[in-house]
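Structural overview
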Amino acid sequence: MAKSASRIKPKAKPGSTRRSKARLVSSRVIYRGPVFSVTTDHVLEPGGIKVRRDVIHHSGSVVVLAVDDSGATPRVLLERQYRHAAKDYLWELPAGRIDPGESELSAAKRELIEETGYRANRWRRILKFYASPGFVAETMAVYLATGLHEGEAEPEEDEVIRNQMILLPAAVNMVLNGKVRDAKTISSLLWLDHVRRTKR
């Protein structure tokens, strides 16, 4: 990602064990759109290297791991929709952007209703991670939603989504055999499978 780099000897403090952070030298917005912006940053990194970094800035997203736990084997709510960037239909968990001034939990509840019509009685954040930290400053917060009840979906005009409840073992098999190729969905399903296995 760096077009040019030069080494500057960092000033280490004797006896210091704290990891230093990068220092932003300059930053310029080169694109601003309705969903994200892009900056070209010149940064002095902790190792003493001065580099250029092009960074995509995003307000953050929420992911909903909606689980029907009323039976002996839990079922997870998956969506199938076309993704232009992947040029294919993907299986995913419900997810979406956090609007300005909106909390993570409010965004998660809104996205679940909009995309699936489902509502949930119980909510808990289980994971938070960076989508692709090499060049995207987007965080994803995953919420476990249980106590589900159905309702009418309210999709946006460009959203054509098919929802399906799938038994957790079958969903995990979809991950392992490559039918699920979306990172947020893979990590969330494997988290749920791990938690259930360790509780037994």
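All values derive from a computational prediction rather than experimental measurement.

**As for the environment of Gly47**
- Mapped onto the secondary structure, Gly47 falls in the loop between strand E3 (36-44) and strand E4 (49-58).
- Once the C-alpha coordinates of Gly47 and Thr73 are considered, the two residues, 26 residues apart in sequence, prove to be 49 Å apart.

**Let's talk about the pairing of E4**
- Here nine bridges tie E3 to E4, and the two strands are oriented antiparallel to one another. Bridging across to E4, His42 finds its partner in Arg52.
- As consecutive antiparallel partners, E3 and E4 are separated by four residues, and within that stretch Gly48 has a phi angle of approximately 90°, a positive value.

**Describing the pattern of salt bridges**
- On inspection of all chains with the given rule, the structure shows 14 salt bridges.
- Across the pair Glu104 and Lys128 runs a salt bridge, and its minimum N-O distance is 2.8 Å. Note that Glu104 is positioned in helix H1 (residues 104-116) and Lys128 in strand E9 (residues 119-130), a separation of 24 residues in sequence.
- Arg197 is the salt-bridge partner of Asp193, the closest N and O atoms lying 2.9 Å from each other. Highlighted residues: Asp193 and Arg197, both in helix H3 (residues 183-199), separated by four residues, approximately one helical turn.
- Given a relative accessible area of 15%, Asp193 falls into the buried group.
- Within the structure, one salt-bridge network assembled from shared partners comprises Asp99, Glu102, Arg110, Glu111 and Glu114.

**Here's the deal with the side chain of Arg110**
- Along the chain, Arg110 turns up in helix H1.
- A distance of 2.8 Å separates a polar atom in the side chain of Arg110 from a polar atom in the side chain of Glu102.
- Here Arg110 is in contact with Arg97, Asp99 and Glu102, once residues within four sequence places are set aside.

Basis of the calculations
Residues numbered from 1 in each chain as written. Predicted model: local features only at pLDDT ≥ 70, side-chain atom pairs only at ≥ 80, totals over all residues. Heavy atoms only, no water. Helix = DSSP H or I, 4+ residues; strand = E, 2+ residues; numbered from the N terminus. Pairing = 2+ DSSP bridges. Salt bridge = Lys/Arg side-chain N within 4 Å of Asp/Glu carboxyl O. Buried < 20%, exposed > 50% of the residue type's maximum accessible area, 1.4 Å probe, protein only. Polar contact = N/O pair within 3.5 Å; in protein donor to acceptor, adjacent residues only side chain to side chain. Contact = heavy atoms within 4.5 Å.

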